[in-house]
Number of protein chains: 2
Amino acid sequence: MNKSNNIDKPKKILALSGGVGGAKLALGLAKVLAPEQLTIVANTADDFTHLGLTISPDLDTVMYTLADLNNKELGWGLANESWQAMDAMSALGGDTWFRLGDRDLATHLVRSQQLAAGESLSSVTTYLCHRLGVKHTLLPMTDDPVRTRVKTAGGELAFQEYFVREQCRPAVQGFYFAGIDSAQPQPQWLDLLQSEDLAAIIICPSNPFVSVDPMLQLPQVRAAMKASAAPVIAVSPIVAGLAIKGPAAKMMTELAIPATATAVAAYYGDLLDGFVLDQSDQSLQTEIDQLGLATKVVPTIMKTLDDRIDLATAVLSFADQLFTDSIAGKH
Amino acid sequence: MNKSNNIDKPKKILALSGGVGGAKLALGLAKVLAPEQLTIVANTADDFTHLGLTISPDLDTVMYTLADLNNKELGWGLANESWQAMDAMSALGGDTWFRLGDRDLATHLVRSQQLAAGESLSSVTTYLCHRLGVKHTLLPMTDDPVRTRVKTAGGELAFQEYFVREQCRPAVQGFYFAGIDSAQPQPQWLDLLQSEDLAAIIICPSNPFVSVDPMLQLPQVRAAMKASAAPVIAVSPIVAGLAIKGPAAKMMTELAIPATATAVAAYYGDLLDGFVLDQSDQSLQTEIDQLGLATKVVPTIMKTLDDRIDLATAVLSFADQLFTDSIAGKH
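Residues numbered from 1 in each chain as written. Chains lettered and ligands numbered in written order. Predicted model: local features only at pLDDT ≥ 70, side-chain atom pairs only at ≥ 80, totals over all residues.

Colleague: Got a minute to help me understand the sheet that holds strand β5 (residues 137-140) of chain B in this structure?
Modeller: As a general point, the strands of a sheet are linked pairwise by backbone hydrogen bonds and lie either parallel or antiparallel. Residue and element names in this part refer to chain B. One open sheet holds the 7 strands; their spatial order is β5-β2-β1-β9-β10-β13-β14, and the pairing between them is parallel. Looking at which strands have only one partner, the edges of the open sheet turn out to be β5 and β14 (294-298). Across the sheet, the mean angle separating the axes of adjacent strands is 20° when strand polarity is ignored. For strand β10 (residues 232-235) and strand β13 (residues 274-278), the ladder comprises 3 bridges, and the chain directions are parallel. Each bridged residue has a counterpart across the sheet, and for V235 the counterpart in β13 is V276. (Pairing = 2+ DSSP bridges. Helix = DSSP H or I, 4+ residues; strand = E, 2+ residues; numbered from the N terminus. Axes fitted to C-alpha atoms, helices over the stretch in contact; angles between N-to-C directions.)

Structure below.
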């Protein structure tokens, strides 16, 4: 947040999201913000080519969630899904470790076909969102290929090999994002980061290392976020020492970082203006305050739609307060 | 048939097949011949790229039929098929005129992936047949792309656009097979055509213009068939002026060719040694004889598995007789 003196209250909200956890908050935000107010940027470093198809797991999770088509039991993919193609694939000796549902396959077929025809991932995403009735703006972090590589004792793995095929079993030693130095951040996103209309940048409760870092490490992004007048607020994906979803806590332990909300706040460092932590971590509030961050303690575990809306409302209110304080010179 | 003096009786049978009709006789042949005796070559000029997938309709129809996985109600595709991907594709505004079942999609995904990895269509076909338990040899006519183009009053159409999307409605003015002049016939097929072990070349009851002609027009094929000591026998796809399946009769009318078994025999011309016509066309036997062909009249309509086996047995017996006559110098 750049403490400039912007009197007119900006109206636009930017959310950075990985998959499931991020998508939950993105849905909450979409329920309380008009379509023109909310832009969600999703990580694409999890994307991969599988069975000849270009698959964008985080984009699809957010898209399906916003369209209310997501599979709430599995936590990924589409609701009311069937698995005939995977069953037949198994009979043909094809790869089935990444489960693609029959209905989900249509998404990947359309995306792959449009990409092969020269469309950008942004354009394909806009098209798919339109067809599925998603009104808020969803953007890939970049139209260029960026691919998370997971360093483990047994060698390097592509992210989905680590995450799905190996079920996050290998201990991680680090990550890098192949292609990131030459990738361009999605232009609409960069414009929004530089816009005076931006009122908040929300880092959703997604994995800091493999969901959020690829977005932050894209050229120009971190600098644009710091230069923005809008407060940057992260919602902790770690609650009471555990990741609500996914391997974030396991990774932190393996990377010799304490699996705590405090460590997440410290990891994002001076990029943040505010940090939202769960009520069960209230005892950490003082030490996070001491990192120089404004903090807000609320329930962050989103089981119901109301939970998502309540958290979105709390985060937006926190952002509003930080923005007002900033104009008043309190930070 | 080259009337050479081959005393040892050859043992191998070659069948040339298009889709459904050809596959029925191929199945009959497979039921009475050992795997090492029968090679089926399928037309690939119907192949096309759709939704980014490489689809080989005739190869798949023969493969699914030999594996007893074919959909007997639809006449194409797999039995016990579901259509979730196409349903979702429709919601996404994708092309659905060519119906790809969920289980069938796995075949196209595996094929497309293996082709993209540099495998030949022959190699992919062998792999898929192995996985599906097909024991007899099935070969694509070529590993090179050959594509049937349909000339109509309204312009040229790709074959599947004509056949599936337009449901054969446009009147045809002719056909050509893009790529055929530079395509190599599948090497194993060419070897078999030149082998002294070959005992019969059977042109299955498939469409002469769009299923059989692409195979015959490949470089070297027609000459090799004529040079072979094995008799070349066609089974009429036209019965009582009608095509049992598909647009053959309609095409003949549009091309100003009488829709008769006689016209089919004449169309294949001096390539044939023998011609098998349906009992309902017995009245045409004399005029077909007068074309200089040996003829055999049998029931050719294959409704049951026994029908397929009976026709296969009759064709093989006819071939055996022609071969013996040839050695005895009767033809």
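Colleague: Can you help me understand the relation of the copies chain A and chain B in this one?
Modeller: For the pair of chain copies, the relating transformation is a rotation about an axis with a translation along it. Of the two same-sequence chains, chain A is brought onto chain B (RMSD 0.0 Å, axial shift 0.0 Å) by a rotation of 180°. Overall, the copies show the geometry of a two-fold rotation axis. For chain A, the minimum C-alpha distance to the rotation axis belongs to A:D102 and amounts to 3.0 Å. A shared binding surface is used by both copies, with 100% of the interface residues of chain A retained as interface residues in chain B. (Least-squares fit on C-alpha atoms with pLDDT ≥ 70 in both. Contact = placed C-beta atoms within 7 Å.)

Colleague: I keep staring at the environment of A:A200 and nothing clicks. Help me out?
Modeller: Considering the arrangement of structural elements, one finds A:A200 in strand β9 (residues 198-203). Here A:A200 is in contact with A:I13, A:A230, A:P231, A:I233, A:L316 and A:A319, once residues within four sequence places are set aside.

Colleague: Can you help me understand the interface of chain A and chain B in this one?
Modeller: Size of an interface: often given as the accessible area lost when the parts come together. With 23 residues of chain A in contact, the opposing surface of chain B contributes 23 residues. Elements supplying a minimum of two residues to the side of chain A that touches chain B: α3 (84-91), α4 (102-116) and α5 (121-132) of chain A. Looking at the side of chain A that touches chain B, the element that brings in the most residues is α4(A), giving 10 residues. In terms of residue class, the side of chain A that touches chain B is made up of 12 nonpolar, 8 polar and 3 charged. (Nonpolar A, V, L, I, M, F, W, Y, C, P; charged D, E, K, R; others polar.)

Colleague: It is not clear to me how helix α1 (residues 20-32) of chain B should be interpreted in this structure. Could you clarify?
Modeller: In an α-helix, one full turn covers 3.6 residues, which means residues spaced three or four apart are oriented alike. Residues and elements named next belong to chain B. For α1, with 13 residues, the first-to-last C-alpha span of 19 Å sits near the 18 Å given by 1.5 Å per residue. Among all positions of α1, only V20, G21, G22, A23, K24, L25, A26, L27, G28, L29 and A30 are buried. Where the residues of α1 are buried, they touch β1 (12-17), β2 (38-42), α2 (57-66), α8 (208-217), β10 and α13 (305-327). (Expected span 1.5 Å × (residues − 1). Buried ≥ 20, exposed ≤ 12 C-beta atoms within 10 Å, placed from the backbone.)

Colleague: Could you clarify how one ought to interpret the sheet that holds strand β13 (residues 274-278) of chain A in this entry?
Modeller: Residues and elements named next belong to chain A. Across the sheet, 7 strands lie side by side as β5-β2-β1-β9-β10-β13-β14; this open sheet has parallel pairing. The open sheet is flanked by β5 (137-140) and β14 (294-298), the only strands paired with a single partner. Strand-to-strand twist across the sheet, computed as the mean angle between neighbouring axes with direction ignored, equals 20°. As paired strands, β9 and strand β10 (residues 232-235) are joined by 3 bridges and run parallel to one another. In the sheet register, I201 faces β10, and the bridge partner there is V232.

Colleague: In this structure, what is going on with the packing of helix α1 (residues 20-32) of chain A against helix α2 (residues 57-66) of chain A? I would like to understand it.
Modeller: Packed helix pairs are specified by the crossing angle of their axes together with the interaxial distance, meaning the distance between the axes. All names here are of chain A. Viewed as axis vectors pointing N to C, α1 and α2 meet at an angle of 35°, and their least axial separation amounts to 9 Å. The handedness of the crossing between α1 and α2 comes out as right-handed. Contacts between α1 and α2 pair V20, A23, A26, L27 and A30 from the former with T61, V62, T65 and L66 from the latter. For the contact of α1 with α2, the class distribution of residues is 7 nonpolar, 2 polar and no charged. (Left-handed = near helix turned anticlockwise from the far one by under 90°.)

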